[in-house]
Amino acid sequence: MTRIFSGIKPTGHLTLGNYLGALRRWADEDQHRAESLFCVVDLHALTVEHDPARVRRLSRQAATLLLAAGLDPATCTVFVQSHVDEHARLSYVLECVATDGEMRRMIQYKEKSARAQVAGQSVRLSLLTYPALMAADILAYGADEVPVGEDQTQHVELTRDLAVRFNQRYGRTFVVPRATRPAVAARVMDLQDPLDKMGKSHEATGGIVYLLDEPDAVARKVRRAVTDSEPGVSYDRAARPGVANLLEILAACTGEEPEKLADAYDGSGALKAAVAEAVVELLRPLRARHAELSADPEYVDGVLRDGAARARTLARPRVDAAYAAIGLLPA
Ligand code: TRP
């Protein structure tokens, strides 16, 4: 059976973009068609300046939201990365397979290290080695498919290179995974800056809808979304990015086509009202389920404990095999 691994980094509150672009598909499709592991990758949250209490809080919240979004612990494995030692164990071995040059070529490293320097912060070494840890996340489980956004495809390519290189040098150990993206990617853009994606780690601009926003806040953010001064509603990504984003969000909520929806509205006011209502309704059950789960932290802890135990069982033999293949004396 196909195996899927994906991870979500607890560096911010999860957004509508995370839900429409990833979580919804994990819950509605991926977990049912493949043996799936979904991981809150907390170790990755330590690669930039962080607040320990916030990372802890966001990790728990992300795990709770994964369950609230419909990931079913009876169907897939939901766990926290730092609960399974195999990730760090394998990451070190992959650092011994990767080169300094290939790590420095990663776009995310270049961008984030430049940003840290501008802010007068030092660049953590783990920011450079991050792709080795991400590769370990994927390779430890023999995952075939890695559903990720476009910004992560370079890291998955590197993961493939490391898997192939390891297998050639030390004997066949790893499955060579591939990045997958849904055919119709719901790429939600920032409501205040429709050329930029609605990312959880971005500055709060008022253009980001968080999954746990109150309905009033959702409506307010949608109402204030940047559009343009052209009259009427038409779907044109290049010329009218703000309106197009609203149409795409509505399309993702209703299952209709953005072009068709454009015909149904006379002006951006009516369109915004429809988007606000659709998003509030989409998030209503998720918020309700999140509230229930938050009231029962022992249940969530139990799910994560079981998930980590299952993940460990899956990862351990392959990581042991990699240790043996690379020349480490069996314990
Ligand atoms: N790097 C990913 C991100 O920033 C998160 C991640 C870590 C991940 N390990 C992974 C995604 C393994 C897929 C598979 O979004």
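Scope of this entry: the structure provided in the associated data block. Because the structure is predicted, anything quoted here is derived from the model rather than measured.

**A few points about the packing of helix H1 (residues 16-33) against helix H11 (residues 268-294)**
Part 1 of the argument: Running from N to C, H1 and H11 cross one another at 65°; their axes reach a closest spacing of 12 Å. Here H11 runs roughly perpendicular to H1, going by the angle between their axes. Seen from above, H1 lies across H11 with left-handed handedness. Where H1 abuts H11, its residues Leu-16, Tyr-19, Leu-20 and Arg-24 lie against Val-279, Leu-282, Leu-283 and Leu-286.
Part 2 of the argument: A per-class count over the contact of H1 with H11 returns 7 nonpolar, no polar and 1 charged.

**Side note on the site of the ligand**
Part 1 of the argument: Close to the ligand lie 13 residues; Lys-9, Tyr-130, Met-134, Asp-137 and Gln-152 are nearest.
Part 2 of the argument: Within the side chain of Tyr-130, a nitrogen or oxygen atom sits 2.7 Å from a nitrogen atom of the ligand.
Part 3 of the argument: Here a nitrogen atom of the ligand and a side-chain polar atom of Gln-152 are 2.9 Å apart.
Part 4 of the argument: Isolated, the ligand exposes 370 Å² of accessible area, and the fraction of that covered by the protein chains is 92%.

**Section: the pattern of salt bridges**
Part 1 of the argument: If you walk through the whole model with that rule in mind, you get 19 salt bridges.
Part 2 of the argument: A salt bridge links Arg-104 to Asp-100; its shortest N-O distance comes to 3.0 Å. Pair noted here: Arg-104 and Asp-100 are both in helix H4 (residues 100-104), with a separation of 4 residues, about one helical turn.
Part 3 of the argument: Looking at Arg-104, the relative accessible area reads 40%, which means it is partly exposed.
Part 4 of the argument: Since its relative accessible area comes to 46%, Asp-100 is described here as partly exposed.
Part 5 of the argument: Of the charged contacts, one joins Asp-228 and Arg-240 as a salt bridge, the two residues approaching to 2.9 Å between their closest N and O atoms. In this pair, Asp-228 is assigned in the loop between helix H8 (215-223) and helix H9 (241-254) and Arg-240 in the loop between H8 and H9, connecting sequence segments 12 residues apart.
Part 6 of the argument: Three or more residues are tied together by salt bridges with common partners; here these are Asp-30, Arg-33, Glu-145 and Arg-178.

**Comments concerning the packing of aromatic side chains**
Part 1 of the argument: Under the counting rule described, the total for this entry stands at 6 aromatic pairs.
Part 2 of the argument: With a centroid separation of 4.6 Å and 15° between ring planes, the pair formed by Trp-26 and Phe-38 is classed as stacked. One end of the pair, Trp-26, is in helix H1; the other, Phe-38, is in strand S2 (residues 35-40), with 12 residues separating them in the sequence. For the residue pair Trp-26 and Phe-38, the accessibility class agrees, reading buried in each case.

**A short note on the side chain of Asp-190**
Part 1 of the argument: Relative to the helices and strands, Asp-190 resides in the loop between strand S5 (178-180) and H8.
Part 2 of the argument: No salt bridge forms around the buried Asp-190; measuring N to O, its nearest opposite-charge neighbour Lys-221 is 9.5 Å away.
Part 3 of the argument: Discounting residues that sit within four places of it in the chain, Asp-190 has contacts with Asp-196, Lys-197, Met-198, Thr-205, Gly-207, Ile-208 and Asn-245.

**Some details on helix H12 (residues 297-326)**
Part 1 of the argument: Taking 1.5 Å as the rise per residue, H12 with 30 residues should run 44 Å; its terminal C-alpha atoms sit 41 Å apart, in good agreement.
Part 2 of the argument: The largest bend in H12 amounts to roughly 35° and is located at Ala-315, with the proline Pro-317 lying one to four residues further along.
Part 3 of the argument: For H12, every residue scored as buried is listed here: Val-300, Gly-302, Val-303, Leu-304, Gly-307, Ala-308, Ala-311, Ala-315, Val-319, Ala-322 and Tyr-323.
Part 4 of the argument: Tucked into the core, H12 has its buried residues touching S2, helix H2 (52-68), strand S3 (77-80), helix H3 (86-95), helix H7 (153-170) and H11.
Part 5 of the argument: Once H12 ends, the next one or two residues include Gly-327, with phi positive near 110°.

**What to know about the packing of helix H6 (residues 125-139) against H7**
Part 1 of the argument: Closest axis-to-axis distance for the H6/H7 pair is 9 Å, and the angle between their directions is 70°. Considering their axes alone, H6 and H7 lie roughly perpendicular with respect to each other. Where H6 abuts H7, its residues Tyr-130, Pro-131, Met-134, Ala-135, Ile-138 and Leu-139 lie against His-155, Val-156, Leu-158, Thr-159, Leu-162 and Ala-163.
Part 2 of the argument: Tallied by class, the residues present in the contact of H6 with H7 amount to 10 nonpolar, 2 polar and no charged.

Parameters at a glance
Residues numbered from 1 in each chain as written. Predicted model: local features only at pLDDT ≥ 70, side-chain atom pairs only at ≥ 80, totals over all residues. Heavy atoms only, no water. Axes fitted to C-alpha atoms, helices over the stretch in contact; angles between N-to-C directions. Helix = DSSP H or I, 4+ residues; strand = E, 2+ residues; numbered from the N terminus. Parallel < 35°, antiparallel > 145°, perpendicular 65-115°, else oblique. Left-handed = near helix turned anticlockwise from the far one by under 90°. Contact = heavy atoms within 4.5 Å. Nonpolar A, V, L, I, M, F, W, Y, C, P; charged D, E, K, R; others polar. Near = heavy atom within 4 Å. Polar contact = N/O pair within 3.5 Å; in protein donor to acceptor, adjacent residues only side chain to side chain. Areas by Shrake-Rupley, 256 points an atom, 1.4 Å probe, with all protein chains shown as cover. Salt bridge = Lys/Arg side-chain N within 4 Å of Asp/Glu carboxyl O. Buried < 20%, exposed > 50% of the residue type's maximum accessible area, 1.4 Å probe, protein only. Phe/Tyr/Trp six-rings, centres within 6.5 Å; stacked < 30°, edge-to-face > 60°. Lys, Arg positive; Asp, Glu negative; His and termini not counted. Expected span 1.5 Å × (residues − 1). Bend = angle between axes of the 7 residues up to and from the residue.

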